[in-house]
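# Per-entry structural report
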Amino acid sequence: MRKDNNRRTGFNGEGRMDSKKTGVKFGPKKDFFDKRGDKKTEFSKDSRTEKREYNKDKGFDKGKGFDKGKGFDKPAYGEKSRYSNDGRNKGPQKPYSFRSDEKRTEGEFKKVYKGRGKDEKPVHEWVPADKYSKDTRYPKKNFKKPFAKPINEERPEYNFEKLEQNHKKKNKSEDIRLNKYISNSGICSRREADELIQKGDITVNGQVIKEMGYKVKPGDKVQYKGKLINPEKPVYLLLNKPKDFITTTEDPMERKTVMNLIANACEERVFPVGRLDRNTTGLLLFTNDGELAAKLSHPSNNVKKIYQVTLDKPLTQNDEKAILEGLQLEDGLAQVDDMQVLSKDRTILGLEIHLGRNRIVRRIFAHLGYEVVALDRVMYAGLDKKDLPRGNYRFLTEKEVIRLKFFL
C-alpha cells in the first residue's frame, strides 16, 4: 500500500522524490541547524539548466541564473529583469504600464486631450513622455491655397460719418489708446503692442513713448522702427464654416484653423467674433473692428443665434418641455428663446438662443442624455447663409454693417 502511494505521489521507498516521475533531481543530503538550534535536513537542488550551491548561512547562492542560450532568459534571484523597471521578474511587459494618477510623474507621462465623450466632458489619456511628440501627432502642414472661396470679389467701401454724427459720436473724444492704434494698423495684437511700447520701439511725433495709457490724437504720426503706421480700414467678413476647423487665430499643434479659410481675403489683420466648435458648422464673422466685436460678444446685448440641431435619437415631449422651461447646468441656468421640431422622427430641431457660453447647445442636450450628431449655425445677429455655400465667405454690405453697429 505504501509503495502504491509512493508511485502516485512520486516518492520512492526511501522517502525521497523520484526524479524519473517528477523530472527534478536532488543532490545529497545537507544537515544544518536553524535559529532554535534544531537539526534539520535539506536536499541541495540540482536542476537540469542551473546549479546552485547550498550555504548554511545564506541558503542557495544568488550568483548564476539561466544561460541566455538555454531555456528561459530569466534573471537569478535579486537581479533586475530586462522586461521591467523594478527588481521583480514580471515577464514581457506592455510598452508602458497603466498606473494610478498618484504614481504618474511629470517626467514619465504626459496627459493628452483626446476629445469629448457623450456627456460633453473632456477625455484625457496618459502616454509616455518619450513617445509623445506634438510634431509626430500633429505634423506641420503648409496651406498654400485657401480652402474657402470668395462669393463677391469686390470689396465695399464703408462710410459711417453721417451715422456717427446722428448717433452723437461727434462730441465723443476722438483720442485712441496707443496699443489699440497699433493693433488696428495690423502689426500685432494689443497685448503684443504693449510689449513694443515697453521696449521703446514706438515713437509718436518723433518721441519715444513708453507710457501704457498714452492716447494718440488725430494728426499724430506714429512710427514703428522708423516706419509710419496708420489704422487700417474696417473689414467685415462672413464665413460659412465647414467641419474640422478650429476657431482660433493660431494653433501650436498646427491644426487647421478658420484663418486658413480666409487667408487671401484681405491684407488687414482680422479675427473671429465668437467661437464655433471644431465639428460645428455655420456662420462665423471676422472683423478688425474691435468695438463691433465687443458689442456682439457681450452677453448683455442678447445677440440672437439660430442653430439646426441633429440628435442621435428622437426628442421626447417631456424633454422638449424641460428645455423650453430652462435647464440648470453646472455653470447656471441655460434658457433658450425658442425651439421647434423640424423632422417627423423628432431628431432634427431648430434652436434659437442668445447665450454665448462654451458648447452650450451640446451641453443642453447632453444633460438630458442626447448626443448632438450635427450642429449648424444658420443665423447670427440677423445674418443668414442665403447664397453662401459651405466653405465660402463674403464681405458684408454697408447696409448690413450699419444695422450691426447702430441698430442692433
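Up top is the structure.
Residues numbered from 1 in each chain as written. Predicted model: local features only at pLDDT ≥ 70, side-chain atom pairs only at ≥ 80, totals over all residues. Heavy atoms only, no water.

## Let's talk about the side chain of Asn260
In this structure, Asn260 sits in the loop between strand S14 (236-241) and strand S15 (271-273). With relative accessibility at 16%, the residue Asn260 sits in the buried group. In terms of polar contacts, Asn260 uses its side chain to reach the backbone amide nitrogen of Thr257, at 3.0 Å. (Helix = DSSP H or I, 4+ residues; strand = E, 2+ residues; numbered from the N terminus. Buried < 20%, exposed > 50% of the residue type's maximum accessible area, 1.4 Å probe, protein only. Polar contact = N/O pair within 3.5 Å; in protein donor to acceptor, adjacent residues only side chain to side chain.)

## What about helix H9 (residues 360-367)?
At 3.6 residues per turn, the α-helix brings residues three or four places apart onto the same side. Judged by how many residues are buried, H9 sits mostly within the fold: 7 of 8 residues are covered. Those residues of H9 that sit buried are Ile360, Val361, Arg362, Arg363, Ile364, Phe365 and Ala366. Where H9 terminates, the next one or two residues include Gly369, which has phi positive at roughly 90 degrees.

## As for the packing of aromatic side chains
Inspection of the entire model under this criterion finds 1 aromatic pair. Centroid distance Tyr158 to Tyr236: 5.2 Å. Interplanar angle 85 degrees. Geometry classified as edge-to-face. Remark: Tyr236 occurs in strand S14 and Tyr158 occurs in the loop between strand S7 (149-150) and helix H4 (161-166); sequence separation between them is 78 residues. For Tyr158, a relative accessible area of 15% corresponds to the buried category. The residue whose ring lies beneath Lys256 is Phe245, and the NZ or CZ to ring-centre distance is 4.9 Å. Sitting over the face of the ring of Tyr370, Lys313 holds its NZ or CZ atom 5.2 Å from the ring centroid. (Phe/Tyr/Trp six-rings, centres within 6.5 Å; stacked < 30°, edge-to-face > 60°. Lys NZ or Arg CZ within 6 Å of the ring centre and 35° of its normal.)

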